[in-house]
Amino acid sequence: MSKQAIMAWEDLALGTAILSPGNAKELRTGDWRSLKPKLDEEKCIKCSLCAMYCPEFCISVDAEGFYRPDFYYCKGCGVCANECPKDAITMGKEGE
Amino acid sequence: MGKRVGLEVSLAVAEAVKLANVDVVSAYPITPQTHIVEELSVYVASGELDAEFIPVESEHSAMSAALGAAAAGARVYTATASQGLALMHEILFIVSGMRMPMVMTVANRALSAPISIWNDHGDIMAERDIGWIQIFAENGQEALDLTLCAFKIAEDKRVLLPMIVNIDGFTLSHVIEPVIIPDHAEVDAFLPPYQPVLKLDTQNPVTFGPVGVPEVYTEARKQLEQAVIGAKPVVDEVLAGFGAAFDRQYKLVEQNGKIGAKTLFVTMGSLGETCMTAVDELMAEGQDAGQTRIRLWRPFPEEEFLAACAGAEKLVVIDRALSPGAVCGPVASELKSLFYGRPGAPEIINVIAGLGGRDVTVREFKEMFALAGSGKLSGNYMMWGVESHAS
């Protein structure tokens, strides 16, 4: 078995179809991240534009009304920081 | 037991598609295939065939709509030729990779430039690697019969692949031949309704055609390769079943002329019939001549071909397509690979002939035989009948 393969060809569904719809949610895209968004709560006006622009749809509102990314999925692409009308989001290096 | 009629071969193919009770015909007209889908559109318009006819704006769309219909679980048919087949190219891989059964007639035609509406195999030889089952008919009856068989083969649970029936453009498509049209009840008994294994269904959602990351793509291609190779015994079985039901026998590879002859012609498609006449005449003249006709092209019937050529010392392989810059023509290339390293392998002489509708006559086959016998057909291949100041 090749160390690069995730399964034997015999176990693939017909035509490589996916038989369990919605399983894309298991894909941890967060481990692609090299930059991490950081929210300045003083500047944030809770407009939700970051959540609307997020290509992973992984930003949701918390109990205080702030929009927070789910870092299991956040790729650190920086679209949210770029679109924020108040420059409330800055991209810092992952792990700092 | 069917009725024998004089019918243009294109219309005979349309009859077969009607008898197969297809659900969807998605097609764009292109010479020399047009009469097939034109006739089918008449059947649908008149209510004679209860199917959706999708008149698309290009062959790319024809194959895309056919793919969608197959994914929805329909029995699907389309037909094309030449530039149309080339325009379908990228979708053809998707249909086989997604394991969608469907049947397509390719009325083989040369590719431009220069523009040629006439027959050769340049169109299908550019699509050798698409992962479809590919078979060649030699005459009108075979075109009808193989079309019926193709649905049964493609939809077999052990296969689940798309299939192309090649018929030579004009030489077959536009010629009126005596053809036996089977009764509908006979066809219904032979070809039961299609039962898809997977289909688009909101109650049981599946995802077709996802991304295949490097960790899975090789395994996905292995699955396709195994399906194509594994189709061979099913093709054989379905053809045998057809023979039992309709009393017309077809094999993966056919032999003609003297069995065990030292020199064999190898043909594919309608030129085989012209060659048969030449071989008959050569035998009548006392020559040691035979012929092997390849019917199934993908998967290539290796064992059957080797058995049909047992004892031969020379194969005169006719290629109806030119692969510029290649070592030889596509059929000869296949056969050289097959014979490489085998003890007692025959000499393979490759003649590229019949390009863009150029006739290859009985007399010319006999000339080839004489030249092959005298050792004058050498080199990797010879383009037959090229007019040149050098000759």
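A quick note: this is a predicted structure, and the numbers were derived from the prediction, not measured.

**Brief notes about the overall build of chain B**
Counting its secondary structure elements, chain B contains 12 helices and 15 strands. Whereas a compact globule of 391 residues would reach a radius of gyration of roughly 21 Å, chain B reaches 21 Å, a difference of no more than 12%. Its C-alpha atoms give chain B principal-axis dimensions of about 70 × 55 × 45 Å. Across the 391 residues of chain B, 55% fall into the buried class. In chain B, the proportion of contacts linking residues at least 24 apart, taken out of those at least 6 apart, comes to 81%. Entry remark: accessible area of chain B is about 15,800 Å², with carbon and sulfur atoms responsible for 54%. For chain B, the distance from the average position of its 29 positive side-chain charges to the average position of its 49 negative side-chain charges is 6 Å.

**Details of a nonpolar patch on the surface**
Residues and elements named next belong to chain B. Together, Leu322, Met383 and Val386 line one region of the surface with nonpolar side chains, adding up to about 220 Å² of accessible area. Structurally, the position occupied by Met383 is in strand β15 (residues 382-383). Taking the relative accessible area as the measure of exposure, Met383 reaches 34% and is therefore partly exposed.

**Quick word on the nonpolar core**
All names here are of chain B. With 61 residues, the main nonpolar core has Val22, Leu40, Tyr77, Ile133, Leu148, Ile167 and Val235 as its most contacted residues. In terms of residue count, the dominant contributor to this core is helix α8 (residues 214-246) (10 residues). Leaving out residues up to four positions away in the same chain, Leu40 has contacts with Ala14, Val17, Lys18, Val25, Leu49, Phe53 and Tyr77. Core analysis: the next-biggest nonpolar cluster, separate from the first, contains 53 residues, Val95, Met125, Leu264 and Val331 among them.

**Comments concerning unusual backbone geometry**
Residues and elements named next belong to chain B. The omega angle of the peptide bond from Thr31 to Pro32 is 5°, so this bond is cis rather than trans. If you trace the backbone, Pro32 turns up in the loop between β2 (24-27) and α2 (34-46). Omega for the peptide link from Arg298 to Pro299 comes to -5°, which places this bond in the cis form. Relative to the assigned elements, Pro299 resides in the loop between β12 (296-298) and α10 (302-308).

**Points about the sheet that holds strand β4 (residues 76-80) of chain B**
All names here are of chain B. Pairing within the open sheet is mixed, and its 7 strands lie in the order β3-β2-β4-β5-β7-β6-β12. The strands lining the two open edges of the sheet, one partner per strand, are β3 (52-55) and β12. This sheet shows a mean twist of 20° between the axes of neighbouring strands, independent of strand direction. Two elements, strand β6 (residues 133-136) and strand β7 (residues 163-168), share 4 bridges in a ladder whose sense is parallel. Among the inter-strand pairings, Ile133 is bridged to a residue of β7, identified as Met163.

**Some thoughts on the domain arrangement of chain B**
Often, the extent of an interface is quoted as the loss of accessible area upon association of its parts. Residues and elements named next belong to chain B. According to the domain assignment, chain B contains domain 1 (3-246) and domain 2 (253-383). Distance from the C-alpha centre of domain 1 to the C-alpha centre of domain 2: 27 Å. At the interface, 27 residues of domain 1 touch 26 residues of domain 2. Summed over both partners, the interface of domain 1 with domain 2 buries about 2,100 Å², with 56% contributed by carbon and sulfur atoms. Three residues stand out in domain 1 for area buried against domain 2, namely Arg128, Glu138 and Lys232, and they jointly supply 33% of the buried area on that side. Its salt-bridge partner being Glu304, residue Lys232 comes within 2.9 Å of it at the nearest N-O pair. For the pair domain 1 and domain 2, the interface holds 14 residue pairs in polar contact (both at pLDDT 80 or more). Among the secondary structure elements, those contributing two or more residues to the side of domain 1 that touches domain 2 are α5 (122-125), β6, α6 (140-155) and α8.

Reading guide: rules and limits
Residues numbered from 1 in each chain as written. Chains lettered and ligands numbered in written order. Predicted model: local features only at pLDDT ≥ 70, side-chain atom pairs only at ≥ 80, totals over all residues. Heavy atoms only, no water. Helix = DSSP H or I, 4+ residues; strand = E, 2+ residues; numbered from the N terminus. Rg over C-alpha atoms; globule rule 2.2 N^0.38 Å. Buried < 20%, exposed > 50% of the residue type's maximum accessible area, 1.4 Å probe, protein only. Contact = heavy atoms within 4.5 Å. Areas by Shrake-Rupley, 256 points an atom, 1.4 Å probe, with all protein chains shown as cover. Lys, Arg positive; Asp, Glu negative; His and termini not counted. Charge placed at Lys NZ, Arg CZ, Asp CG, Glu CD. Patch = residues over 30% accessible without salt bridge, like charges linked within 9 Å, V, L, I, M, F, W, Y side chains within 5 Å. Salt bridge = Lys/Arg side-chain N within 4 Å of Asp/Glu carboxyl O. Core = buried A, V, L, I, M, F, W, Y, C linked by side-chain atoms within 4.5 Å. Pairing = 2+ DSSP bridges. Axes fitted to C-alpha atoms, helices over the stretch in contact; angles between N-to-C directions. Domains from an automatic or database assignment. Buried area = accessible area lost by both parts, 1.4 Å probe. Polar contact = N/O pair within 3.5 Å; in protein donor to acceptor, adjacent residues only side chain to side chain.

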